[in-house]
Structures are given as C-alpha cells and as structure tokens.
Amino acid sequence: MKYVLVTGGVVSGLGKGVTASSIGLILKACGLRVTSIKIDPYLNTDAGTMSPFEHGEVYVLDDGGEVDLDLGNYERFLDIKLTGDNNITTGKIYQAVIDKERRGDYLGKTVQVVPHITDAIQEWIECVAVIPVDGKDGPPDVCVIELGGTIGDIESMPFIEALGQFSYRVGAGNFCLIHVSLVPVLSVVGEQKTKPTQHSVRGLRSLGLTPDILACRSTTELDKTVMEKISRFCHVPVDNIITLYDVSNIWRVPLLLREQKAHEAILKVLNLKGVAREPALGEWTSRAELCDKLHEPVRVAMVGKYMGLSDAYLSVLKALVHAAVACHRKLCIDWIAASDLEDETSIANPENYRSAWKLLKGANAILVPGGFGDRGVEGKILAARYARANRIPFLGICLGMQIAVIEFARSILGFPDANSTEFDPNTQNPCVIFMPEGSKTHMGGTMRLGSRRTYFQVADCKSAKLYGNQSFVDERHRHRYEVNPDMVQQLEDAGLSFTGKDESGRRMEIVELPDHPYFIGVQFHPEFKSRPGKPSALFLGLIAAATGQLETFLKKGVPKTWGLSNGTSGLKSHRYVNGTKLANGSLDGIYCKANGIHV
C-alpha cells in the first residue's frame, strides 16, 4: 500500500480538500486504484451535531456516516463510495482507546498519547486504507490522506506524531508528503513572498515530517526565481514545487497538476513510475474547457436558513452545477434568506423583504434545501406556495418536501394550522411528525441516516422517468421527521401524489403535483450522489424544467454522460443575499478568479 499525505500551512482555507481530491483524480487517471481518508482533529465523534455555520454542510455517506464535507469532494472527483471510517476524528480515536482501556485490553499499563493514541491512529489508517471503495475486489493501490487544520495547531499534534512514526514505519518509497502552503502577493510591492512557506516547512520539519512536494497556493503562477528560492530554503527540488494559482473553475486544478508533472513527482517518490501510465484525463479536460464557454443563464432561487455561508449547502450547489452543465446553461444562484420572505420582515426590514420577493419572482426555478429548526420555516412555506400557484419549477429536499406538504394542507385542504410537530407540537393537523424510532434526548447519530430504498408507486410520473423508469432507487437520508401517514389519503384525494415510498409503504419518500410543470419534494438528499458528468436525476429535472427542456428529456431518456458532446455551461454564478454579492466561501471559490460558485 502506498500513502500520500496532504498537509496545510500558514492559513486555513487554502483548498487542501480540492488539492487532495485532484491528487487522487490524477493518480486514478494514471491507472491506479485510489481511496481517501480525511483526518479532522476536533473532539466531536463526527460532524453530525456541528452547525453548518461552524463547519459547513454535514455530508452523509451510504453507511450513514455523518462526515466532513471534504469527503464529498473525494466522492465527486473520484466517483467512489466511502464509509464513515474514512473520516477520522480525535473523538473517534480517543473513544476507541478509552473503550479498550475500560475493557482492560492494555493489561494495567498507563494509557498515554504516545504510544496508545498514536498507535490507534496508525492502526485505523492501515485498516481503512485497504477497504475497496470503487466497487472492485481487492485493496486500492494508493490512499490519499488529508490532515485537517494547519501545521502548528495544538489539536493536530497527536496526528502529526502518529504520521511521523507511520512514515518511518511504512518506509521510503511507500509514503509521499505534499504540503500545501501560501505564497501571498503583497499589493504594495507586488512581490510573491516566500517567508510564510519557509516558516511553515520549518515548523513541519520540527515536528518530524519532511515534505517531498510543495503545492504553493498563489493568485498567479510562481516566478521561476521564487520557486528556486523556495527550493533552496525548504530543501525541496524545484521539480517538486507546484504552483496552484487561481483558475476559472476547480475542474481545472487536476489539469494544473498534470501540466506541471505533479504525477511524475508523486510516482517517483512512491516508486510507481514503471507501474502507472500517463494520466488519461480527456473527458475531464473537455468538461473543464467547455464549462467556461456557455453564457445563457438559468436562475435558481435558493431559499434557506444558512445564507451567510455557501459551504452549508455545498453538495446542493455542486448538484445544481452538474445539472446546469448537462442542460448547457450558466448557473446563477439567487440566495434568499427564508425569513426575509415572511410578513414580519415587511415591517421590521421592508427593504430586505422587497429584495427577497423580487429575487424569488425573477427566478426560473425555486429550491428549498434541508435544514433544522423553525427559523425561516414560514418563509419557506411561502416560497413553496408561490412556486405551486405560479407553476414555477420547484424542488424541495428533506425539510423542503415537508414544508411543501404543509403548504398544500393549508392552502388546498383548508387547514390553516397545519404544521410539523417539530415547529408546533400542539397543532390539530400534524402533517409532519417525529419518527417513532428516533431519539428526542440524544442528537448524534440518532436520525434516519444513510442509503435507503425508495419504491416508485406510480410509473407515469416525472421522478420515475428521470430515474430511468426503475422500480426503485437508493438515495441517502438524514432526517428525524416524516410525513404523517395518517394524513396521506386526505392529501392524495386533494391532488397531491406520493409517487415514492419506503418498503413498508408508510414512509413517504417522493411527492409530486401531477398537473404542475415540475413540483417535486423528496425526503432523501439526492445531492450527495451527484457527480460531474452524472448529474442527480431530480436536479437535472429541475434545471431542465427551468430551461424548457424537460419534456424532451423525458421522451428521449436521460443520457449516461452529460455536458461533453453538445457543449456545456459556463460556471460563473454569483452568490447573493438580498441583492448583495458575497465573497467566496473557503472551499468553493479558492481556485477561482471570479466571485462565484464554480463546479
């Protein structure tokens, strides 16, 4: 087994996740089988209880693992299926060690960070690295490990020590360390400054790790003299210094690595030059080049709660991009804080209210993503009502589906107090209720999580057709509340169609309005399985409906690979809240020249 470790220095938010994903992609393009591990030094057992404002979205895996959003990047870039064990946290390691100590496994020894914690980290890495994640038999060839945080963080110290021991134990030729650092350009003098990288590498060495390759983040390509200076002071060959400068979309990052022969440097360190081939990135290159060319826009109103941070909806954004590329459109996201649509805002902040409704009414499609808590719920219900009444393409995900059902019950069934028991425990018309198997006392890992099967109840419906007329589909879930099965008959009699249900037939998975151009709500999260060139069926349907292409797609069927044969979409969508353009998030825009959501 070969290991590639990606660390970061100087500042956070450099794009280690994209870099690690791109390294994995280029190694896979060389014919190697690749898996990935993300190490997060926080004490949480997993990301499940963390606020999106704190840490971005919680990414859900097939096995129900609630993990760091970087694992979503790995899955999208490499088209693999990871497990919860591919995300290592301090909480998981300490919990495992303490459990062993309580069982008496250490036979009375004093349990310490070294060797017990560091040994547990190494054992975890070795066990997970050999698990196949690409659907084939046998272990992968290379494991790409990303260490979260920044070199020097106190939380990372046990992992740094463990990885230093690990590199020595697996031996030369089996371990490659790539350090991602910052080379800033001071606007006053316009000079690329190498001192931060020098200090970062010096700190890394002092902790027992020596970089084989430096990936230098900068706004522009590094000058040759700057690279020579870095080489001289950091003791890294010039050929092993890669400059990762800003590009038009992050699909171009693997191409930057290939152009600078990063794969050759990695393969040389790992003694794989005679085994691997030249990277085959033809389709990826075509997509990266074509995605900048189209300019005809499609506007999607994103009505949610976490509007200040795009990473909170990262997978939804990626799925929208994949669908927009498939439909040959430039994606433009109008971010709308759901609470700004509510009547109270018209009094408290009439400018925000007017701006939010203007954006909603100007959109080609409306999307209400998942979420928790009652803030902005009434605004989401108003957005669903507007989409239903005005025949605007609509997609509701998880909570977005639930509010669509609540809105229908209020407007069509005539139940003004219809609600979810999450928001009104005493409602006389509970359209959405707490799942009987859920826990109201413990939050972590107690939801309905992971891949579950949905069976189509109606063959002649949009969702079934978009999924290729299959009898069932497997999608990932993350929810505590569900549509009240006792109200389903009333809702269906009034015209709402539950076209997808679970194996029991009592849990509602997909809801549609048959006489609407495109009005679909799903209890699951289809965004987690969307891939470049393989867009999620329901996101594809939303964008197709918004661009007048849905009927054509439904008649002809959905092609297996999108976005290459007939051109693709330019991806320079901008992020707005109340009409104000925001700066890039830490992960998405980091390699991009424009302020916007890119691939």
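As recorded in an unreviewed UniProt entry, the protein goes by the name CTP synthase, listed as coming from Anisodus tanguticus. UniProt, in its Catalytic activity (unreviewed entry) section for the protein, records the words "UTP + L-glutamine + ATP + H2O = CTP + L-glutamate + ADP + phosphate + 2 H(+)". Reading the Sequence similarities (unreviewed entry) entry of the UniProt record for the protein gives the comment "Belongs to the CTP synthase family."

Requested: an account of the overall build of the protein, with residues and values cited.
In terms of regular secondary structure, the protein is built from 20 helices and 25 strands. Whereas a compact globule of 599 residues would reach a radius of gyration of roughly 25 Å, the protein reaches 25 Å, a difference of no more than 12%. Dimensions of the protein, computed from C-alpha atoms along their principal axes, come out at roughly 75 × 60 × 50 Å. Across the 599 residues in the protein, those meeting the buried criterion constitute 60%. Of all intrachain contacts in the protein linking residues separated by at least 6 positions in sequence, the fraction that spans at least 24 positions is 73%. As displayed, the protein has an accessible area near 23,200 Å², and 50% of this comes from carbon and sulfur atoms.

An account of helix H5 (residues 113-129) is needed here, citing residue identities and associated values.
Its 17 residues give H5 an end-to-end C-alpha distance of 23 Å, which sits within 8% of 24 Å, the value for a rise of 1.5 Å per residue. Every buried residue belonging to H5 is among His 116, Ile 117, Thr 118, Ala 120, Ile 121, Gln 122, Trp 124, Ile 125, Val 128 and Ala 129, and all of these are buried. Each element contacted by the buried residues of H5 is listed here: strand E1 (2-8), strand E2 (34-40), strand E5 (87-89), helix H4 (90-103), strand E6 (142-147) and helix H6 (157-170).

Account for a nonpolar patch on the surface, with residues named and values stated.
A cluster of nonpolar side chains, namely Met 1, Val 130 and Ile 131, defines an oily patch on the protein surface of about 210 Å² accessible area. Turning to its location among the elements, Met 1 is positioned in the segment before E1. Classification of Met 1 as partly exposed rests on a relative accessible area of 32%.

Please give an account of the packing of helix H14 (residues 350-361) against helix H15 (residues 377-389) that cites residues and values.
Relative orientation of the contacting elements H14 and H15 amounts to 35°, with a least axis distance of 11 Å. Handedness of the crossing formed by H14 with H15: right-handed. Packed against H14, whose contacting residues are Trp 357, Leu 360 and Lys 361, the element H15 presents Leu 382, Ala 383 and Tyr 386 at the interface. Taken together, the residues of the contact of H14 with H15 break down into 5 nonpolar, no polar and 1 charged.

Before we move on, could you go through the confidence of the model for the protein and cite the residues and values that matter?
Here the protein shows a mean pLDDT of 89. Residues at 70 or above account for 91%. Predicted confidence for residues 565-599 stays below pLDDT 50, and this span has 135 contacts to residues more than four positions away or in other chains.

Explain the pairing of strand E18 (residues 448-456) to me, and be specific about the residues and the numbers.
A regular strand places its side chains so that they alternate between the two faces of the sheet. Two strands pair when backbone bridges link them, and E18 and strand E19 (residues 472-479) are joined in this way by 8 bridges, in the antiparallel orientation. Bridge pairing in E19 places Arg 452 opposite Glu 475. Sheet topology note: the E18/strand E21 (residues 497-501) ladder contains 2 bridges and is antiparallel. Considered in E21, the bridge of Phe 456 is made with Gly 500.

Provide a residue-level description of a positive patch on the surface, including the pertinent values.
Among the surface-exposed residues, Lys 195, Arg 202, Lys 229 and Arg 232 lie close enough to one another that they form a single positively charged patch. Of all the secondary-structure elements, those providing two or more residues to the positive patch are helix H7 (195-206) and helix H8 (224-234). Inspection of the secondary structure puts Lys 229 in helix H8. Overall, Lys 229 belongs to the partly exposed group, its relative accessible area being 33%.

Let's hear about the sheet that holds strand E7 (residues 175-182): which residues, and what values?
Adjacent strands of a sheet pair through backbone hydrogen bonds, lying either parallel or antiparallel. Read from one edge to the other, the open sheet built from 7 strands follows the order E5-E2-E6-E1-E7-E10-E11, with strand pairing classed as parallel. The outermost strands of the open sheet, each flanked by one partner alone, are E5 and strand E11 (241-245). Recorded for the sheet is a direction-independent mean angle of 20° between the axes of neighbouring strands. In terms of strand pairing, E1 meets E7 through 6 bridges, oriented parallel. Directly across from Thr 7, in E7, lies its bridge partner His 179. Lying over the sheet, helix H1 (residues 16-29) contacts E1, E2, E6, E7 and E11, oriented at roughly 175° with respect to E6. In the packing of helix H10 (residues 262-269) onto the sheet, contacts are made with E1, E7, strand E10 (213-218) and E11, and the angle to E7 comes to roughly 140°.

Any chance you could break down the sheet that holds strand E20 (residues 481-483) for me, citing the residues and the numbers?
Spatially, E16-E17-E20 is the arrangement adopted by the 3 strands of the open sheet, whose pairing is mixed. Either end of the sheet is taken by a strand with one partner, and the two such strands are strand E16 (419-420) and E20. Where E16 meets strand E17 (residues 430-434), 2 bridges bridge the pair, whose relative direction is parallel. Residue pairing in the sheet places Asn 419 in a bridge with Pro 430 of E17. Across the sheet, helix H16 (residues 399-411) lies against E16, E17 and E20, angled at about 150° from E17, the strand it touches most.

Go over the packing of aromatic side chains, please, and point to the residues and values.
Within this structure, the stated rule accounts for 13 aromatic pairs. Relative to Phe 519, the ring of Phe 394 has its centre 4.6 Å away and its plane inclined at 20°; by these criteria the two rings are stacked. Of this pair, Phe 394 sits in strand E15 (residues 394-397) while Phe 519 sits in strand E23 (residues 519-522), and the two are 125 residues apart along the sequence. Like Phe 519, Phe 394 is buried. Members of the aromatic cluster, joined through ring pairs, are Tyr 3, Phe 166 and Phe 175. Positioned above the aromatic ring of Trp 251, the side-chain terminus of Arg 287 is 5.7 Å from the ring centre.

Give me the lowdown on the environment of Leu 491, citing residues and values where you can.
Its place among the elements puts Leu 491 in helix H18 (residues 488-493). We classify Leu 491 as buried; its relative accessible area is 0%. Those residues in contact with Leu 491 that sit more than four places away from it in its chain are Val 405, Phe 408, Ala 409, Leu 413, Leu 496 and Phe 498.

Tell me about the pattern of salt bridges, and name the residues and values.
Per the stated rule, a full pass over the model turns up 27 salt bridges. The shortest N-O distance in the salt bridge between Asp 134 and Arg 33 comes to 2.9 Å. Taken together, the residues span a long stretch of sequence, with Asp 134 in the loop between H5 and E6 and Arg 33 in the loop between H1 and E2 at a distance of 101 residues. Taking relative accessible area as the criterion, Asp 134 reaches 26% and is therefore assigned partly exposed. For Asp 246, the salt bridge is made with Arg 217, and the minimal N-O distance between the two is 3.2 Å. Of the two residues, Asp 246 sits in the loop between E11 and helix H9 (253-259) while Arg 217 sits in strand E10, which places them 29 residues apart along the sequence. For the residue pair Asp 246 and Arg 217, the accessibility class agrees, reading buried in each case. Each member of the salt-bridge network shares a partner with another, and the members are Asp 62, Glu 75, Asp 79, Lys 81, Arg 476, Arg 531 and Lys 534.

The rules we used
Residues numbered from 1 in each chain as written. Predicted model: local features only at pLDDT ≥ 70, side-chain atom pairs only at ≥ 80, totals over all residues. Heavy atoms only, no water. UniProt positions renumbered as here; feature names shortened; annotations may be inferred. Helix = DSSP H or I, 4+ residues; strand = E, 2+ residues; numbered from the N terminus. Rg over C-alpha atoms; globule rule 2.2 N^0.38 Å. Buried < 20%, exposed > 50% of the residue type's maximum accessible area, 1.4 Å probe, protein only. Contact = heavy atoms within 4.5 Å. Areas by Shrake-Rupley, 256 points an atom, 1.4 Å probe, with all protein chains shown as cover. Expected span 1.5 Å × (residues − 1). Patch = residues over 30% accessible without salt bridge, like charges linked within 9 Å, V, L, I, M, F, W, Y side chains within 5 Å. Salt bridge = Lys/Arg side-chain N within 4 Å of Asp/Glu carboxyl O. Axes fitted to C-alpha atoms, helices over the stretch in contact; angles between N-to-C directions. Left-handed = near helix turned anticlockwise from the far one by under 90°. Nonpolar A, V, L, I, M, F, W, Y, C, P; charged D, E, K, R; others polar. pLDDT = per-residue confidence, 0-100. Pairing = 2+ DSSP bridges. Lys, Arg positive; Asp, Glu negative; His and termini not counted. Charge placed at Lys NZ, Arg CZ, Asp CG, Glu CD. Phe/Tyr/Trp six-rings, centres within 6.5 Å; stacked < 30°, edge-to-face > 60°. Lys NZ or Arg CZ within 6 Å of the ring centre and 35° of its normal.

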